[in-house]
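# Architecture at a glance
Letter by letter, the chains look like this.
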Amino acid sequence: MTGTSPSGGSARFQRTLTTPKIVFIIIAAAAPLAAMVFTVPLAFAIGTGPGVPAMFLFAGLTLLCFSAGYAAISRRISDMGGFYAHIAHGLGRRVAAGAGLLAVLAYNAATVGVLGAFAYFTQNVAADHGLNLPWQVWAGLGLLLVALLGYREANLSARLLSVCMVCEIAILVALDIAVLARHGAAALPSASFAPHQVLAPGLGVAVMFGFASFLGFESAALYGEEAKAPHRSVPRATVIAVLVVASFYALTSWVAVGAVGPERIQAEAANHLGDLFFLLSDGYLGHAATVTMQVLLCTSLFASWLALHNAANRYMYALSRDGLLPARLNATHAGHSSVHRASVTQSVFSTVTVALFAVAGLDPYVNMSTSMLGLGTLGIILLQALASVAVIGYFRNRREERWQTVIAPALGALGLITAAVLVVSNFDVLTGTTNPVVTALPWLLLVAVGLGVAFASWLHSARPDRYARLGGASMPVPPPTAQLGDPAGSLSQAAQ
């Protein structure tokens with residue numbers, strides 16, 4: 001394991017990522033096919049039924065508001081710290097330290113959650129076609145491949161993720177076209193946007209699933225140090241990803257309502273759940289296409305797993321660079337220019353977690369995937385909400401366009417806080433269990449934040465030089481315009 005530890009946090013990465021490659025990475029993290037196959041039928045069944053497409057538009061509009069502020073601050077701050085760095089400049093170093101540990105916990109949990117889903121569904125799909133292997137074997141094979149890809153530069157992962165994403169979207173677009181060709185305008189029923197359907201019982205659950213389906217879209221900023229033109233590509237990639245994912249989710253779920261019928265969609269989804277889209281594929285595209293969709297479901301989950309693995313790595317690297325995690329993780333590979341030690345650490349964490357669940361005889365999906373994904377989803381939504389508020393703090397005393405730096409981030413924060421409240425209040429629905437151990441998991445997020453804030457407070461008095469480095473908030477940030485202002489942000493002064 002050869003690598004170089006940057007001096008003073010100044011690692012040199014290969015700037016190979018373009019806007020399209022970053023778009024592929026972050027859309028892959030959202031796993032569009034997996035979201036359609038599993039999340040949408042559940043939202044139909046226990047949410048608002050035919051009104052679900054409107055919830056995807058609401059979530060998309062909220063995240064576009066978030067993206068407006070995210071784009072503004074990403075043009076100024078584009079290092080690997082992502083939200084951690086943004087929050088340091090907008091809300092202060094103490095809050096940033098808490099948010100950083102929150103990010104590490106959330107992304108690692110989400111990674112393990114998708115790992116469990118991949119192992120479970122790959123086992124089922126393979127068994128349906130005569131290859132009967134335990135889920136632990138599929139988990140091990142996936143872990144090996146993710147570890148190898150994560151050890152290398154992000155450009156290699158981006159190439160693989162682009163292929164996976166194009167294939168999974170293509171099969172769903174083919175289904176959309178087939179339904180539209182058979183039913184015409186009736187495939188897009190107006191009932192999905194009728195007020196009495198949109199505001200029907202189950203609204204909170206539908207909104208929760210709507211936001212959960214965008215998991216990972218915000219990770220563009222983590223690749224700022226590996227992008228060719230980060231001040232342009234990171235904000236552009238984020239906005240493009242939100243537009244693509246929101247439009248795609250809304251259209252495909254709307255077409256599904258049209259194919260089944262607005263009056264029947266809730267009952268049919270409850271009866272078939274994860275098989276709903278496979279049944280639609282059988283009816284409109286044929287069995288061969290359904291088999292292809294099943295295989296692509298596995299590659300969709302793998303792509304999401306790899307994207308979340310890379311995001312977790314970069315948060316761990318950024319926090320180790322600032323002394324919030326062990327310094328050993330602060331290293332880049334001499335040959336690959338990758339955050340190889342952080343990648344190995346994440347792989348070991350995932351392996352140990354899988355081994356513990358396997359030894360305990362627990363189910364990879366019902367026990368591991370749902371609980372870890374629920375924890376990761378809630379943590380990332382909270383992180384997004386903090387990042388929105390940080391944008392307002394960073395630009396408070398700067399002469400910038402108010403829509404992008406105040407109004408849009410405020411609307412985004414309001415929507416995200418609402419989503420977080422819904423996730424907490426429906427955590428048993430999101431995880432599929434009322435087990436008190438699982439329903440208590442959200443407290444871990446508060447513990448992580450508290451530990452980060454407490455450690456930063458200790459650094460402030462005992463190690464002021466290390467404290468000053470947190471989030472890069474003590475370093476000048478060159479803006480694209482002439483106005484610089486206080487690099488740490490006015491709202492952070494009291495916290496510092």
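Before reading on, note that the structure itself is shown above.
Read on for a plain summary of the structure.

Conventions we followed
Residues numbered from 1 in each chain as written. Predicted model: local features only at pLDDT ≥ 70, side-chain atom pairs only at ≥ 80, totals over all residues. Heavy atoms only, no water. 1 Å grid on protein atoms, 1.4 Å probe; cavity = no way out; pocket = protein on both sides within 12 Å on 5 of 7 lines; lining within 4 Å. Points joined across faces, edges and corners; volume = space filled by probe spheres on them. Helix = DSSP H or I, 4+ residues; strand = E, 2+ residues; numbered from the N terminus. Nonpolar A, V, L, I, M, F, W, Y, C, P; charged D, E, K, R; others polar. Buried < 20%, exposed > 50% of the residue type's maximum accessible area, 1.4 Å probe, protein only. Phe/Tyr/Trp six-rings, centres within 6.5 Å; stacked < 30°, edge-to-face > 60°. Contact = heavy atoms within 4.5 Å. Expected span 1.5 Å × (residues − 1). Polar contact = N/O pair within 3.5 Å; in protein donor to acceptor, adjacent residues only side chain to side chain.

## Focus on empty space enclosed by the protein
Any empty space left between atoms is shown by rolling a water-sized probe over those atoms. Summed over all chains, the structure comprises three cavities of 30 Å³ or more. A volume near 50 Å³ is recorded for the largest cavity. For the largest cavity, the full set of lining residues is Leu63, Phe211, Phe214, Leu215, Phe217, Thr377, Ile380, Ile381 and Gln384. The element contributing the most residues to the lining of the largest cavity is helix α15 (residues 364-394), with four residues. Its boundaries defined by the atoms lining it, the second largest cavity holds a volume of some 40 Å³. Residue lining of the second largest cavity: Phe66, Gly69, Tyr70, Ile73, His86, Ala387, Ser388, Val391 and Pro409, and that is the complete set. Secondary structure elements with two or more residues in the lining of the second largest cavity: α3 (52-74) and α15. No other element matches the four residues that α3 contributes to the lining of the second largest cavity. Taken together, the residues of the lining of the second largest cavity sort by class into six nonpolar, three polar and no charged.

## Digging into unusual backbone geometry
Across residues other than glycine, the phi torsion is negative in most instances, and most of the peptide bonds are trans. Although it is not a glycine, Ala31 adopts a positive phi angle of roughly 50°. The phi angle at Leu273 is positive, at roughly 45°, despite the residue not being glycine. On the basis of relative accessibility, which here comes to 34%, the residue Leu273 falls in the partly exposed class.

## Structural notes on the layout of surface pockets
Approximately 910 Å³ is the volume attributed to the largest pocket. Together, 38 residues line the largest pocket, and Ala34, Phe38, Thr39, Phe121 and Tyr365 are the ones closest to its centre. With seven residues, helix α5 (residues 93-128) is the largest single contributor of residues to the lining of the largest pocket. Residues that form the lining of the largest pocket fall into these classes: 24 nonpolar, 12 polar and two charged.

## Focus: the packing of aromatic side chains
Two aromatic rings are characterised by how far apart their centres lie and by the angle between their planes. Taken as a whole and assessed by the stated rule, the structure comprises 18 aromatic pairs. Ring geometry for Phe118 versus Phe302: centroids 5.9 Å apart, planes at 55°, classification tilted. Of the two residues, Phe118 sits in helix α5 while Phe302 sits in helix α13 (residues 287-321), which places them 184 residues apart along the sequence. Between the aromatic rings of Tyr394 and Phe395, the centroid separation amounts to 4.8 Å while the plane-to-plane angle is 90°, which identifies the pairing as edge-to-face. Comparing Tyr394 with Phe395 shows no difference in burial state: the two are buried. Through successive ring pairs, a cluster of aromatic residues spans Phe38, Tyr120, Phe121 and Tyr365.

## With respect to the environment of Ala267
Within the secondary structure, Ala267 sits in helix α11 (residues 265-272). A residue is classified by how much of its surface remains accessible, and Ala267, at 44% relative accessible area, is partly exposed. For Ala267 and Ala45, which are 222 residues apart along the polypeptide, the C-alpha to C-alpha distance reads 6.7 Å.

## A word on the environment of Tyr70
Mapped onto the fold, Tyr70 is located in helix α3. Placed 314 residues apart in sequence, Tyr70 and Gln384 show a C-alpha to C-alpha distance of 9.4 Å. Not counting residues up to four positions away in its chain, the partners in contact with Tyr70 are Phe83, His86, Glu218, Ser219, Ala220, Ala221, Thr238 and Val391.

## Topic: α15
Here α15 is 31 residues long and its end C-alpha atoms lie 42 Å apart, about the 45 Å a rise of 1.5 Å per residue gives. Burial analysis of α15 places 23 of its 31 residues in the buried class, which makes it a mostly covered element. By the N-cap criterion, in which a side-chain oxygen at the helix start approaches the backbone nitrogen of a residue two or three places on, α15 is capped by Asp363, the distance to Tyr365 being 2.8 Å.

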